[in-house]
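# Coordinate analysis (summary)
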Amino acid sequence: MRARRGAHEMRAVLPLLAPLVTVALVAAACTGSDEADSAAGAEVQGATTMPARESGACDDTDPSMCLLPWPNDAYTRADETTATGLRLDLPPEALPTNAQGKAIDPTEWNRNDGFSPASIPQVVVAGLDPVLSGLPAQTDIGASLEAGSNLVVLDLDTGDRVPAWAEVDPHVTDPRRTLLRIVPATALVDGHRHAIGLFDLRDTNGTPIPPSRHFAELKETSDGDREQWLRALIDEGPDADLVSAWSFTVASTESLTGRLSHMWAETAAELGVDVQAGVGAGGAPPFTIESTYDNGPVRLVQGSFEMPQYLTADGGPGSTLNNDADPDGIPTATGTMQAPFTCVVPIGPGPPKPFVVYGHGLLGSRAEVTDIGVVGAAAGVGFCALDFIGMSAADIPTVLEELADLSLFRTQPDRLQQGHLGFLLLARLLASGDGFATHAAFQDELGESVVLPAGISYLGASQGGILGGPITALSPDMDRAVFAVGGMGYNLLLRRSIDFDRFLPALAASYPDELEAAFAIELMQNLWDRGENAGWAQHITAEPLPGSGGATTALVLEAFGDHQVANASTEKLARTLSASRLAPTLAQGRSTDTDPLWGIDPVPETPWSGSALVMWDFGTPPPPASNTPPREGDDPHGKLSGVPEALAMVVAFTQPNGLLIDPCGGAPCSSPG
């Protein structure tokens, strides 16, 4: 009954999901200067000279660029103080150089004890034809687990194969530097060591591609560790020549989440948050109400609250976490800072109302919550929002500076983590009896709080659906989350989105070489993990982090053929969350995949109490199965705002003890035209 009543009440709230705006593609940035060329080592005109191979700084098995293959345990050093026993050891002289001649400073990267769980391994194989080489495509992920697959991605800790696909990067146009990208279909396990094996590769003429001279020598070199993982690949792979292989270690949970987890644990302890006592137990930060405006049953509330500041200087754009003194990057508070918020409060008659903590879109602001909040509040659902500092409108000048010099990139994930702390405290203010409930702005005419403490959920739209992982993985006050047209891994998202078009001219001016551009996106992901879903999704619905209060149930919304957030990224998030999918999911013949939505099992029944993926089809052509954005047809990215059935589903899901209902009557969810 709750689901049906919620659907009826919300049918007037069609714009609730309106700000499913642009994918959170920031000016990530890529590129780098030039480098020694081709598998044969031929020199490219105008290329920057890479370190001499005999210096030991490079992995000679791919002579096209020093740091390929990537990621690679060759660029780590032993460190018994870390959870993995390693630290990254990227040589400064090997990193891309911008147009002003400044190389990327690896200091921040070298704090990590492994590589990104969202890593897209890459290697140059000159002249490679992935089809003639029998490599699994994005349209046939399951083929990567078959015995005859010429691609093997192996979790060396478990011995399990990892599903993945292989693709040639079309943005590296020199055939002597054909860049092969290997995309795992789910997040790699924190702290685990992995190995990549490529067998029986062929060029465009079908001619076998031999191993590089250095890889052939490596296979013959006696080394106990190398022999072990090479033997594991050979035993797991087909009966064919192993042409290229390498191993790498994924960063530990401590390395990925430790900074923000420390910030939250320290802050929660000061507030007396008691996870064992239930939702809302404990205090809330001091807050100030600056203005209220009533319009019938709706009240707009503007204010700010105090949070510990872990950033340098005044905490504004361009600041970084105050953690340079700690080898693991654990920050120290430098005082306090104000977090401005906007809430839209339902003040009409009736019992306390559920509230949504809202995460805004690409480089936007908390002001986005006003329109959806007014309509939502009229229907009895409250909304509160903050700026996603680090990726909000105020950070745009800093983003442009990062494009010119990627050494500055750490400010983005650093400020994001301070912003996430703000979202955790915003949920605390809603859930705690010492928070908003104590102020008249959040009370009805009888002086009773209108906030339902057990009804706090998260809804992130687009960028908010990519950045919401840290919030939902740590908050003890929210046990339900909606990732609306979101995803994980900017290294997978950027070149598959039309939103990245606007950044290409600036990127090319600073880092003009195509191969280094592709590499730099991978490099950035190793810091971005700290503030987006890629580093946290593994702990949202399973393996909850300490102090989080337990697992969160997630609803992932996907628009088929989305031009801004790639379906591949949304589905990778769903697999990582172990979400089931509302089925039937797509009409017959709509998908070009051999097995559509591979690895995401159908929901057994509805209503469904678990995490789920719901696809909506607006008639847009299927997306390309390549590292390029969809451009055909109408972009469906924000069209869920006009679908009352989708809105009813979201509202039913975000109620206390909410469930996934089937708004499509047992048919694929679609709204053609």
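Quick caveat, the model's predicted, so the values are computed rather than measured. (Residues numbered from 1 in each chain as written. Predicted model: local features only at pLDDT ≥ 70, side-chain atom pairs only at ≥ 80, totals over all residues. Heavy atoms only, no water.)

### What about the overall build of the chain?
- Scanning the chain for helices and strands turns up 14 helices and 18 strands.
- Since a compact globule built from 673 residues should have a radius of gyration of about 26 Å, the 25 Å found for the chain is in line with a globular shape.
- Expressed along its principal axes, the backbone C-alpha trace of the chain runs to roughly 80 × 55 × 45 Å.
- Expressed as a percentage of the 673 residues in the chain, the buried residues total 62%.
- In the chain, the share of contacts with a sequence separation of at least 24, taken over all contacts with a separation of at least 6, comes to 77%.
- Of the roughly 22,800 Å² that the chain leaves accessible, carbon and sulfur atoms contribute 51%.
- In the chain, which carries 37 positive and 85 negative side-chain charges, the distance between the mean positions of the two groups comes to 3 Å. (Helix = DSSP H or I, 4+ residues; strand = E, 2+ residues; numbered from the N terminus. Rg over C-alpha atoms; globule rule 2.2 N^0.38 Å. Buried < 20%, exposed > 50% of the residue type's maximum accessible area, 1.4 Å probe, protein only. Contact = heavy atoms within 4.5 Å. Areas by Shrake-Rupley, 256 points an atom, 1.4 Å probe, with all protein chains shown as cover. Lys, Arg positive; Asp, Glu negative; His and termini not counted. Charge placed at Lys NZ, Arg CZ, Asp CG, Glu CD.)

### Concerning the environment of isoleucine 521
- Assignment of secondary structure puts isoleucine 521 in helix 12 (residues 514-528).
- For isoleucine 521, a relative accessible area of 7% translates into the label buried.
- It is 25 Å that separates the C-alpha atoms of isoleucine 521 and glutamate 632, two residues lying 111 residues apart in sequence.

### Here we look at the pattern of salt bridges
- This model, assessed by the stated rule, comprises 29 salt bridges.
- We note a salt bridge from arginine 530 to glutamate 108, for which the minimum N-O separation is 2.7 Å. Of this pair, arginine 530 sits in the loop between helix 12 and strand 16 (553-559) while glutamate 108 sits in the loop between strand 2 (86-88) and strand 3 (122-124), and the two are 422 residues apart along the sequence. Accessibility assignment for this pair places arginine 530 and glutamate 108 in one class, buried.
- Put simply, aspartate 499 and arginine 502 hold a salt bridge, and the shortest N to O gap is 3.3 Å.
- Through salt bridges with shared partners, a single network forms among Glu108, Arg111, Arg259, Asp324, Arg410, Asp414 and Arg530. (Salt bridge = Lys/Arg side-chain N within 4 Å of Asp/Glu carboxyl O.)

### Quick look at the sheet that holds strand 15 (residues 480-484)
- Reading across the sheet, the 10 strands line up as 9-10-11-13-12-14-15-16-18-17 and stay open at both edges, with mixed pairing between neighbours. Of all strands in the sheet, those with a lone pairing partner are strand 9 (287-295) and strand 17 (580-581), marking the two edges.
- Both strand 17 and strand 18 (residues 612-616) contribute to a ladder of two bridges, which runs parallel. Pairing of serine 580 across the sheet is with alanine 612, part of strand 18. (Pairing = 2+ DSSP bridges.)

### Section: the nonpolar core
- If you look at the biggest cluster of nonpolar residues, it comprises 129 residues, and the most contacted ones within it are Phe305, Phe436 and Phe442.
- Top element by residues in this core is helix 7 (residues 411-431). It accounts for 10 residues.
- Contacts of phenylalanine 442, omitting those with residues within four sequence positions, involve Ile289, Arg299, Val301, Cys343, Val345, Cys384, Phe436, Glu448, Ser449, Val450 and Val451. (Core = buried A, V, L, I, M, F, W, Y, C linked by side-chain atoms within 4.5 Å.)

### Focus: the packing of aromatic side chains
- Under the defined criterion, the tally for this structure stands at 11 aromatic pairs.
- Where phenylalanine 305 meets phenylalanine 341, the ring centres are 6.3 Å apart and the plane angle is 25°; that geometry is what we call stacked. Residue phenylalanine 305 is located in strand 10 (residues 298-309), and its partner phenylalanine 341 is located in strand 11 (residues 335-346); the two are separated by 36 residues in the primary sequence. The same class applies to phenylalanine 305 as to phenylalanine 341, namely buried.
- Pairwise contacts between aromatic rings join Phe287, Phe305, Phe341, Phe436 and Phe442 into one cluster. (Phe/Tyr/Trp six-rings, centres within 6.5 Å; stacked < 30°, edge-to-face > 60°.)

### Focus on the state of the cysteines
- Under the counting rule described, the total for this entry stands at three disulfides.
- Across a sulfur-sulfur distance of 2.1 Å, cysteine 58 and cysteine 66 are joined as a disulfide pair. Residues cysteine 58 and cysteine 66 are joined through a disulfide that is left-handed, its torsion about the S-S bond being -105°. The pair formed by cysteine 58 and cysteine 66 is uniform in burial state, with each residue classed as buried.
- The connectivity of the disulfide-linked cysteines in the chain, indexed sequentially, is 1-2, 3-4, 5-6. (Disulfide = S-S within 2.5 Å.)

### Quick look at the environment of alanine 667
- One can find alanine 667 in the segment after helix 14 (644-654).
- With a relative accessible area of 35%, alanine 667 lands in the partly exposed category.
- Along the sequence, alanine 667 and asparagine 533 sit 134 residues apart, while their C-alpha atoms lie 30 Å from each other.

### Notes on unusual backbone geometry
- Look at the link from tryptophan 70 to proline 71: it is a cis peptide, with omega at -10°.
- Of note, proline 71 is situated in the loop between helix 1 (2-10) and strand 1 (76-78).
- Here alanine 583 and proline 584 are connected by a cis peptide whose omega angle stands at 0°.
- As for its placement among the helices and strands, proline 584 is situated in the loop between strand 17 and strand 18.
- Unlike most non-glycine residues, leucine 363 shows phi in positive territory, near 50°.
- Within the secondary structure, leucine 363 sits in the loop between strand 12 (353-359) and helix 5 (369-378).
- Judged by its relative accessible area of 13%, leucine 363 falls in the buried class.
- The phi angle at serine 578 is positive, at roughly 55°, despite the residue not being glycine.
- Classification of serine 578 by relative accessible area gives exposed; the value is 61%.

Read these as layout, nothing more, since geometry by itself doesn't imply function.
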